[in-house]
Amino acid sequence: MSDILITILLGLAMLVGLAGIILPVLPDVILIWGAALLYGLLIGWGRYGPWLFAGITVLGLVGLLADAWVSGLGARKGGASFWSSIGGLVTGIIGLFVGGPLGLIVGMLLGIFLIEYWIHQDADRAMRAMFGMGVGYGASFIVKIFLGLAMIAIWIAWIISL
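Residues numbered from 1 in each chain as written. Predicted model: local features only at pLDDT ≥ 70, side-chain atom pairs only at ≥ 80, totals over all residues. Heavy atoms only, no water.

## A short note on the overall build of the protein
Stage number 1. When helices and strands are counted, the protein shows five helices and zero strands.
Stage number 2. Written out in order from the N terminus, the α and β elements of the protein read α-α-α-α-α.
Stage number 3. In terms of overall dimensions, the protein has C-alpha extents of about 65 × 25 × 20 Å along its principal axes.
Stage number 4. Burial analysis of the protein (162 residues in total) assigns 38% to the buried set.
Stage number 5. Of the contacts made within the protein by residues no fewer than 6 positions apart, 66% connect residues no fewer than 24 positions apart.
Stage number 6. By element, 80% of the accessible surface of the protein is carried by carbon and sulfur atoms, the whole surface being about 8900 Å².
Stage number 7. Of the charged side chains in the protein, 6 are positive and 6 negative, and the gap between their average positions amounts to 9 Å. (Helix = DSSP H or I, 4+ residues; strand = E, 2+ residues; numbered from the N terminus. Buried < 20%, exposed > 50% of the residue type's maximum accessible area, 1.4 Å probe, protein only. Contact = heavy atoms within 4.5 Å. Areas by Shrake-Rupley, 256 points an atom, 1.4 Å probe, with all protein chains shown as cover. Lys, Arg positive; Asp, Glu negative; His and termini not counted. Charge placed at Lys NZ, Arg CZ, Asp CG, Glu CD.)

## Points about the confidence of the model for the protein
Detailed reading of the predicted model is not advised wherever pLDDT is low.
Stage number 1. Taken residue by residue, the protein gives an average pLDDT of 91. The fraction at 70 or more is 100%.
Stage number 2. Ranking the elements of the protein by mean pLDDT puts helix H4 (residues 82-120) last, at 88, and helix H2 (residues 29-42) first, at 97. (pLDDT = per-residue confidence, 0-100.)

## Looking at a nonpolar patch on the surface
Stage number 1. Where nonpolar side chains cluster on the molecular surface, the patch consists of Phe82, Trp83, Ile86, Val90, Ile93, Ile94, Phe97, Val98, Trp118 and Ile119 and spans about 1200 Å² of accessible area.
Stage number 2. Here Val98 shows up in helix H4. (Patch = residues over 30% accessible without salt bridge, like charges linked within 9 Å, V, L, I, M, F, W, Y side chains within 5 Å. Salt bridge = Lys/Arg side-chain N within 4 Å of Asp/Glu carboxyl O.)

## Here's the deal with the side chain of Ser140
Stage number 1. Residue placement: Ser140 occurs in helix H5 (residues 123-161).
Stage number 2. Relative accessible area serves as the criterion here: at 0%, Ser140 is assigned to the buried category.
Stage number 3. In this view, Ser140 contacts Ala66, Asp67, Val70 and Ser71; residues no more than four positions away in its chain are not counted.

## Section: the nonpolar core
Stage number 1. Counting residues in hydrophobic clusters, the biggest one holds 18 residues, and the most contacted among them are Leu10, Met14, Ala36, Ile56, Trp155 and Trp158.
Stage number 2. Breaking this core down by element, the ones donating at least two residues are helix H1 (3-22), H2, helix H3 (49-77) and H5.
Stage number 3. Here this core takes six residues from H1, the largest share from any one element.
Stage number 4. Contact partners of Met14, with chain neighbours within four places excluded, come to Ile32, Ala35, Ala36, Ile152 and Trp155.
Stage number 5. Ranked by size, the runner-up nonpolar core spans nine residues in total, among them Ile112, Ala129, Met133 and Tyr137. (Core = buried A, V, L, I, M, F, W, Y, C linked by side-chain atoms within 4.5 Å.)

## Examining the packing of H2 against H3
Stage number 1. Contact pair H2 / H3: the axes reach a minimum separation of 9 Å and the direction vectors enclose 165 degrees. As far as their axial angle goes, H3 and H2 are roughly antiparallel. Between H2 and H3 lies a crossing whose hand is left-handed. Along the contact surface, H2 presents Val29, Ile30, Trp33, Ala36 and Leu37, while H3 presents Phe53, Ile56, Thr57, Gly60, Gly63 and Leu64.
Stage number 2. Residue composition of the contact of H2 with H3, by class: eight nonpolar, three polar and no charged. (Axes fitted to C-alpha atoms, helices over the stretch in contact; angles between N-to-C directions. Parallel < 35°, antiparallel > 145°, perpendicular 65-115°, else oblique. Left-handed = near helix turned anticlockwise from the far one by under 90°. Nonpolar A, V, L, I, M, F, W, Y, C, P; charged D, E, K, R; others polar.)

## Concerning the side chain of Glu116
Stage number 1. Relative to the elements of secondary structure, Glu116 occurs in helix H4.
Stage number 2. In this structure Glu116 comes out as buried when scored by relative accessible area, which is 0%.
Stage number 3. Of the polar contacts made by the side chain of Glu116, one reaches the side chain of Ser84; its length is 2.5 Å.
Stage number 4. Among all residues touching Glu116, those that are not within four sequence positions of it are Gly79, Ala80, Ser81, Ser84, Gln121, Arg125, Ala126 and Ala129. (Polar contact = N/O pair within 3.5 Å; in protein donor to acceptor, adjacent residues only side chain to side chain.)

If you want it as structure tokens, here you go:
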């Protein structure tokens, strides 16, 4: 397979990864990172490739952490306790295995609400905490879009540098 065809296919894979940020049924920053890794392995690293790939890796790790960290921050701003934030993350992970990416979101929101309600016996307070988690998740979505675009921009710089 020619280098140009490989580059085009990996670029398309990165666009699918970018779409995965919007549609949670597709892989997201992991796919962008994996395509960049394959580019280095199949096409070559060049002089700046290892450094650029390191930048892509750092942005990808930040993207992976953005869901949990920014969502949790939103929950805490909404009044959620530490334990309901942790519980929301745990139920989100369970939801991910049960219902896929949509289960992650539903699990986090439901977990925050149920634990916060159990602790305080106040549905309004639990609803505010759940809403905070939702706003935080929306903010993490925006962060991940920018990170995904930055990862692709670094990859394009890598292509140009070869």
